Amino acid sequence: MKGSLGLAALSGILNTMLSLAAPFLYASIGEVICQTSGVVNLGVDGIMLISAFAAFYATLTTGSLALGLLAAALAGLAMGLLMSAVSVSLKAEQGVSGIGLYMFGLGLSSLLFKELVGTVKTVNTLPPLALPLLSSIPFLGPVFFRENALVYGAFLLVPISWFLLEKTVAGVKLKSVGQNPAAADSVGIGVNRVRYFGVCLGAVLAGVAGASLSIGQLGLFQDNLTSGQGFIAVALVYFGGWRPIGVLAGALLFSVANSFQLWMQVLGVKVPPSLAVMLPYLLTILALTLTANRARQPAALNKSFERGEG
Amino acid sequence: MRMKMTIAAAFLAAALAVGAVAAPVRIAVIMPSATTDAAFSQSMWSALLSVQKELGGESAIVLKYTENMYNVPDAAAAIRDYASQGFDIVIAHGSQYGSSVKEIAPDFPKTVFAWGTDVDTFGLPNVYAYTAAAEQGGFVNGVLAAKLTKSKKVGVTGPIEVGDAKTYIDGFAQGLASVDKSIAVSKTWTGSFSDNALMAAAAKTHIASGADILTGSSQSVVGSIGAAKDSGGVLWFGTQADQAALAPNLVVASQVYDWTGMLKDILAKRKAGVLGGVTYTLTLDNGGLKIAYNPAYKLPAAVKAAADAAAQGIAKKTVKVDP
């Protein structure tokens, strides 16, 4: 590999990694918050789909990307309320509820797309924002500091969510209802209310993840746009040990492996394409196996709360 | 009294005749992606709607579809369900459905099955197979691309290296080489027919490596088109369906699959009692493949003339394209 081409490839790999990682960061950190409260939401992909459509359709009809983002967040919130009602209030089995939510999101987004749009159409995507001074740094500037707002937001979410979980009263309450809801209840914490908050905040972030695909990266909507990214996002929560920083590591590993395999193909490296596309999944499974740390899993995860039990 | 009976008999005969004529042909199609995918599935669904309209509307042909059948066992269940419900023609629109058709078709000998893209009817009397010589339109697009590239770098994105995705890309590379052998072609396979985000990332990778022309096959290439649109200045060549509406300033031309001729022939053969055993191949010569130039893109006349000459040469077999 020649020097300039090698530098261009490195720059390209890192740059692609950032945009690929953004949806995973929103969805996975949202799921960390949700699971910290003791609720597993396997419907992340469905939330991403309906929100991706909401963002796309609002942008298509109003021309406003801001309204598109707002629509995605509201769609995520609505899905979060639905998931909360079913799994927290009605105490339905969380895994099954989540799968139901996924299928609902998949079907509804497809139906709405067919009825309201009809065929693939495009909208403008969020424009890249060159950060003053930082974007002028040689090599690093073009790679890291000329992204759209949703990519910056995804990486800012890591310290923000850490602060929320570790340094605020809301974080303590989320953890307490996820670890021992009966004890939390005994000191006056409204378990269901906190779980509603966790599920809904997670769903709003999953909604933003959907928007980061439809109006952040692609400028369009298509049936099953997420192609299962929501499920990978849930897996990254386990990979990251229920910590935002761990999720960041997982999202970057998965994304850089994907970006790397694309560049290998472009540069003509003699690796069978089918082997190259397996690389991100192989690496992630390997890392998950080596770093699995179930000790951090919320003790009351996947358990509904009934006052007087446990 | 006799007069009344005659009139009643006449009404009855007329009603029976009308009933016989009015019985519509029921066609079901199972597709791997959505009818709105701007690519493979949409090409078939558009053709079916067109044939329905031409041959008398819903009173003549009833259409049903099942889309997004990425999962082959689900598709197999849908194929069997439609056959069980008495549909006259069941179209399994995906090369991954071949083994399902092979297994199910013998159980419904009066039902016509059609599947593609492939050429194998499995020796079954009620199975038609169809394919597209995608390399032909790929060659023409390649000639256009070779005339328009400035960087002499062209990027290609596809799902997996099989079927018409591969033959289109191989034809495209041959078209490029026929004009200028120095043009570099880099290919990326994402391993997925549906991952738009990865397809967009693949396109951005090509653009970052200097490509100023992109093309690709499968429904997920709309992601690549989005990436081309964002980059500004990178041109796109489509296949399977006319993709000009997705990026009117960037799409130069699209190879369009037109299945209408094949569908009408299957209907005619069925009416004549032939339920299968025939293979169809869409080509530039038989009109199954068409090059749709984007009217919004100002294509230089000399470039279009070169592409038209290539298309005519392929049709007349003076230009050879390897599949």
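Residues numbered from 1 in each chain as written. Chains lettered and ligands numbered in written order. Predicted model: local features only at pLDDT ≥ 70, side-chain atom pairs only at ≥ 80, totals over all residues.

1. Focus: the overall build of chain B
Along chain B, the regular secondary structure elements total 10 helices and 12 strands. When the backbone C-alpha atoms are referred to their principal axes, chain B occupies close to 90 × 40 × 35 Å. When the 323 residues of chain B are sorted by exposure, 53% land in the buried category. Contacts spanning at least 24 positions in sequence make up 67% of the contacts within chain B whose residues lie at least 6 apart. (Helix = DSSP H or I, 4+ residues; strand = E, 2+ residues; numbered from the N terminus. Buried ≥ 20, exposed ≤ 12 C-beta atoms within 10 Å, placed from the backbone. Contact = placed C-beta atoms within 7 Å.)

2. Notes on the overall build of chain A
Per the secondary structure count, chain A includes 12 helices and two strands. Mapped from its N terminus to its C terminus, chain A presents α and β elements in the order α-α-α-α-β-α-β-α-α-α-α-α-α-α. A compact globule built from 310 residues should have a C-alpha radius of gyration of about 19 Å, and chain A, at 20 Å, falls within 12% of that. Across the 310 residues in chain A, those meeting the buried criterion constitute 54%. (Rg over C-alpha atoms; globule rule 2.2 N^0.38 Å.)

3. Considering the nonpolar core
Grouped together as the largest cluster of nonpolar side chains are 199 residues, with contacts concentrated most on Leu25 and Tyr26 of chain A. Counting residues per element, this core draws most heavily on helix α9 (residues 191-218) of chain A, which supplies 17 residues. When we break this core down by domain, the ones giving at least three residues each are domain 1 (2-133 + 259-282) and domain 2 (134-257 + 287-315) of chain B. Sequence-distant contacts of Leu25 of chain A, that is, excluding residues within four places in its chain, are made with Ala154, Phe155, Leu157, Val158, Val247, Leu248 and Ala251 of chain A. (Core = buried A, V, L, I, M, F, W, Y, C linked by C-beta atoms within 7 Å. Domains from an automatic or database assignment.)

4. Brief notes about the packing of helix α2 (residues 44-62) of chain A against α9 of chain A
The description of two helices packed together rests on the angle between their axes and the distance between the axes. Residue and element names in this part refer to chain A. Their axes nearest at 7 Å, the elements α2 and α9 cross at an angle of 55 degrees. When the interaxial angle is binned, α2 and α9 end up oblique. Judged by the sense of rotation from one axis to the other, the crossing of α2 with α9 is right-handed. Seen from α2, the contacting residues are Val44, Ile47, Met48, Leu49, Ser51, Ala52, Ala55, Phe56 and Thr59; seen from α9, they are Ala203, Ala206, Gly207, Ala209, Gly210, Ala211, Leu213, Ser214 and Ile215. Partitioned by chemical class, the residues of the contact of α2 with α9 number 13 nonpolar, five polar and no charged. (Axes fitted to C-alpha atoms, helices over the stretch in contact; angles between N-to-C directions. Parallel < 35°, antiparallel > 145°, perpendicular 65-115°, else oblique. Left-handed = near helix turned anticlockwise from the far one by under 90°. Nonpolar A, V, L, I, M, F, W, Y, C, P; charged D, E, K, R; others polar.)

5. Quick notes on the sheet that holds strand β2 (residues 61-66) of chain B
Residues and elements named next belong to chain B. Pairing in this open sheet of six strands is parallel, and the strands run β2-β1-β3-β4-β5-β11 from one edge to the other. In this open sheet, the two strands that pair with only one neighbour each are β2 and β11 (279-282). Ignoring strand direction, the axes of neighbouring strands in this sheet form an average angle of 20 degrees. Contacts between helix α2 (residues 40-54) and the sheet are confined to β1 (25-30), β2 and β3 (89-93), with β2 contributing the most and set at about 165 degrees to the helix. Contacts from helix α3 (residues 72-84) reach β1, β2 and β3 within the one sheet, and its direction differs from that of β3 by about 170 degrees. (Pairing = 2+ DSSP bridges.)

6. Quick notes on the interface of chain B and chain A
Listed as interface residues are 34 residues of chain B and, on the opposing side, 31 residues of chain A. Sorting elements by how many residues they give to the side of chain B that touches chain A places helix α7 (residues 196-208) of chain B first, with 10 residues. In the side of chain B that touches chain A, the residues fall into 12 nonpolar, 15 polar and seven charged.

7. Considering the packing of α2 of chain A against helix α3 (residues 65-89) of chain A
Residues and elements named next belong to chain A. Their axes nearest at 7 Å, the elements α2 and α3 cross at an angle of 150 degrees. Taken together, α2 and α3 sit at an angle that is classed as roughly antiparallel. The chirality of how α2 crosses α3 is right-handed. Residues Ile47, Ile50, Ser51, Ala54, Ala55, Phe56, Ala58, Thr59 and Thr62 of α2 form the contact with α3, whose own contacting residues are Leu65, Leu67, Gly68, Leu69, Ala71, Ala72, Ala75, Gly76 and Met79. When its residues are assigned to classes, the contact of α2 with α3 shows 13 nonpolar, five polar and no charged.

8. Quick look at the environment of Leu55 of chain B
Residues and elements named next belong to chain B. Mapped onto the elements, Leu55 comes out in the loop between α2 and β2. Exposure remark for Leu55: the 15 C-beta atoms within 10 Å place this residue in the partly exposed category. For Leu55 and Ala241, which are 186 residues apart along the polypeptide, the C-alpha to C-alpha distance reads 23 Å. Discounting residues that sit within four places of it in the chain, Leu55 has contacts with Ala60 and Ile61.

9. Concerning the domain arrangement of chain B
Residue and element names in this part refer to chain B. Parsing chain B into structural domains produces domain 1 (2-133 + 259-282) and domain 2 (134-257 + 287-315). Each of domain 1 and domain 2 has a C-alpha centre, and these two points are 32 Å apart. With 18 residues of domain 1 in contact, the opposing surface of domain 2 contributes 19 residues. Elements that contribute at least two residues to the side of domain 1 that touches domain 2 include exactly α2 and α9 (260-271). In terms of residues, the side of domain 1 that touches domain 2 owes the most to one element, α2, which gives four residues. Looking at the side of domain 1 that touches domain 2 residue by residue, the class counts come to 10 nonpolar, seven polar and one charged.

10. Some thoughts on unusual backbone geometry
Between Gly116 of chain B and Thr117 of chain B the backbone carries a cis peptide bond, its omega angle lying at 15 degrees. For Thr117 of chain B, the position within the fold is in the loop between β4 (112-116) and β5 (127-132). Phi at Asn302 of chain A is positive, roughly 70 degrees, even though this residue is not glycine. By the secondary structure assignment, Asn302 of chain A is in the segment after α12 (273-291). When the 15 C-beta atoms within 10 Å are taken as the criterion, Asn302 of chain A is described as partly exposed.

11. A word on the pairing of β2 of chain B
Here six bridges tie β1 of chain B to β2 of chain B, and the two strands are oriented parallel to one another. Bridging across to β2 of chain B, Ala28 of chain B finds its partner in Lys64 of chain B.

12. Regarding α3 of chain B
Residues spaced three or four apart along an α-helix point in a common direction, a consequence of the helix completing one turn every 3.6 residues. Residue and element names in this part refer to chain B. End to end, α3 covers 18 Å across 13 residues, agreeing with the expected 18 Å (1.5 Å per residue, within 8%). Among all positions in α3, only Ala75, Ala78, Ile79, Tyr82 and Ala83 are buried. The buried residues of α3 occupy an angular sector of 130 degrees when projected down its axis, which confines them to one face. When the buried face of α3 is taken as reference, the exposed residues oriented beyond 90 degrees from it are Pro73 and Ser84. Buried residues belonging to α3 abut β1, β2, β3 and α4 (98-104). Gly86 occupies a position one or two residues after α3 and carries a positive phi of about 85 degrees. (Expected span 1.5 Å × (residues − 1). Arc of directions from axis to C-beta.)

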